[in-house]
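Descriptive structure summary
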Amino acid sequence: SLGSSPERTKACIASALSKPSNIKVIARFRPLLDFEYRLSESRESVTFQGDNQVGIVKGKEIEYYTLDRIFDPDSSQEEVYEFVGKPTIEDVLNGYNGTIFAYGQTGSGKTHTMMGLNIYDTDTRGVIPRSVSQIFEAVESDGGDIEYTIKCSMLEIYKETLKDLLDPQPLNLKIKQCPSKGIYVQGLTEVSITSEDDMLELLSLGEQIRSVASTRLNKTSSRSHLIFIIEVCQKLPNDSEKRGKLNLVDLAGSEKVSLSGVTGTKLEETKKINLSLSALGNVIHALSSKADHIPYRDSKLTRLLQESLGGNYKTTLLVTCSPSIRFMEETYNTLSFAIRAKAIKNKVKINIKNSIDSYLQIIEQMKLELDSAKLE
Ligand code: ADP
Ligand code: MG
């Protein structure tokens, strides 16, 4: 047996420091768009109650959904960021892993929320550029005691193929797993970044590669998953190393791709387009019903983001919806998906490689907490 070896002590402390964390589930309703302003459609199908409840018209009834927070059509990018992005970036800077998923039908506001129209416009930009900005604010406000290494990658999953968006060479990238790195994409470009501007430039480069490919393959962007990864590593003065990994995910449109009238290779293609998204639904269903087997390996998306669903990640699911009566059915499906995800519990811990000194500090801290608990 290991007895009370330092390794065992470390393992015990690490496990004592890990704690359950629910997935945070949020919905955002966009405003009605011009094309929805026809009389028959402009009737809104939703009523908002407080800041976390929404009622959806279902036949003659109204069905209510309660999530962690519901943003109505008047909410600003900044308000959404304060609730969705800011706490996640704080976690990542504290050494946790974090993932934000945007889920919803095509046209419901996923890209608007995650990117915004223009990533350089500080008023209207979305969660991804704001996250980049917050990370570099933290770096700049540090007095120089911490040595930061910030790396980013950007990839797309389309028809179960991974595409590196920072390297236009079409490579057939594979997902691998190893004890030190966890689950990762082999050969994916990782760029070290030292400023907000550099990262925004990279972001627009990735977007360009994505949109060029998408006009060629007609509108793939609504059918592919975009994953932007930022890894922040901090070397602290006591020689400890804190590491937080952030996945920002703009998922493919959740509307059902109709299979009617599609045959042969076209049918296989259509099935593949939606495979990762239906696998995501299955994983969430399995986790929320506490099934023994969780089918992570059924798709590239669920395999790559396995740790974000039930593992060592603080995860936020943001679902986006149209308020129009025309999309009521999709809105209903989206909110049902959100409700299921709320039941998932992850188990998170700080990723820290400690020096002996910092372990002694942690033990001291725990002693103090125990003593003060005894006094109460
Ligand atoms: P998705 O990425 O889900 O397909 P988009 O983000 O592209 O949808 O949004 C579709 C359209 O709706 C775009 O023209 C976008 O500018 C607009 N839109 C989406 N959300 C909002 C919002 N919260 N406020 C204003 N316009 C929005
Ligand atoms: Mg989009």
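Refer to the preceding data block for the structure.
Throughout what follows, the structure given in this document is the object of discussion. (Residues numbered from 1 in each chain as written. Chains lettered and ligands numbered in written order. Predicted model: local features only at pLDDT ≥ 70, side-chain atom pairs only at ≥ 80, totals over all residues. Heavy atoms only, no water.)

Brief notes about the layout of surface pockets
The criterion, for reference: Only protein atoms enter the 1 Å grid, on which a cavity is a set of points fitting a 1.4 Å probe that cannot get out and a pocket is an open set with protein on both sides within 12 Å along at least 5 of 7 lines, lining residues being those with an atom within 4 Å of a point. Grid points are joined across faces, edges and corners, and a volume is the space filled by probe spheres set on the points. Numbering of helices and strands runs from the N terminus; a helix is a DSSP stretch of H or I covering at least four residues, while a strand is a stretch of E covering at least two. Each residue gets one label: Ala, Val, Leu, Ile, Met, Phe, Trp, Tyr, Cys and Pro are nonpolar, Asp, Glu, Lys and Arg are charged, and the others, such as Gly, are polar.
In this model, the second largest pocket occupies a volume close to 630 Å³. At the level of secondary structure, the elements contributing two or more residues to the lining of the second largest pocket comprise strand E2 (24-29), helix H5 (110-114) and helix H7 (196-216). Tallied by class, the residues present in the lining of the second largest pocket amount to 5 nonpolar, 18 polar and 7 charged.

Focus on the pairing of E2
Our working rule: A 1.4 Å probe rolled over the protein chains alone gives each residue an accessible area, and that area as a share of the maximum for its type sets the label: buried under 20%, exposed over 50%, partly exposed in between. In this description, strands pair whenever DSSP reports at least two bridges between them.
Within E2, 5 of the 6 residues are buried, which leaves it mostly tucked inside the rest of the structure. Across 6 bridges, E2 lies against strand E15 (residues 314-321) in parallel orientation. The residue of E15 that forms the bridge with Lys24 is Thr316. Sheet topology places E2 next to strand E6 (residues 69-71); 3 bridges connect them, and they run parallel.

A word on the nonpolar core
Condition: We call a set of buried Ala, Val, Leu, Ile, Met, Phe, Trp, Tyr and Cys residues a nonpolar core when their side-chain atoms join them within 4.5 Å. Any pair of residues with heavy atoms lying within 4.5 Å of one another is described as a contacting pair.
In terms of nonpolar packing, the biggest core is built from 44 residues, with Phe29, Ile227, Leu280, Leu309, Leu317 and Leu335 touching the most fellow members. Broken down by element, this core gets its largest block of residues, 6 residues, from helix H8 (residues 264-288). Residues within four places of Leu317 in sequence aside, it is in contact with Ile23, Lys24, Val25, Ile26, Phe101, Tyr103, Phe337, Ala338 and Ala341. Counting 37 residues, the second-largest nonpolar core is a separate cluster that includes Val92, Ile100, Ile209 and Phe228.

Here's the deal with the sheet that holds strand E5 (residues 61-66)
Convention followed: In this analysis an axis means a line fitted to C-alpha atoms, helices contributing only their contacting stretch, and an angle means the value between N-to-C directions, from 0 to 180 degrees.
Overall, antiparallel pairing links the 3 strands, which are arranged E3-E4-E5 in an open sheet. What marks the edges here is a single partner per strand, and that holds for strand E3 (46-49) and E5. This sheet shows a mean twist of 25 degrees between the axes of neighbouring strands, independent of strand direction. The pairing of strand E4 (residues 53-58) with E5 spans 6 bridges and is antiparallel. When the sheet's bridge partners are listed, Ile56 is paired in E5 with Glu63.

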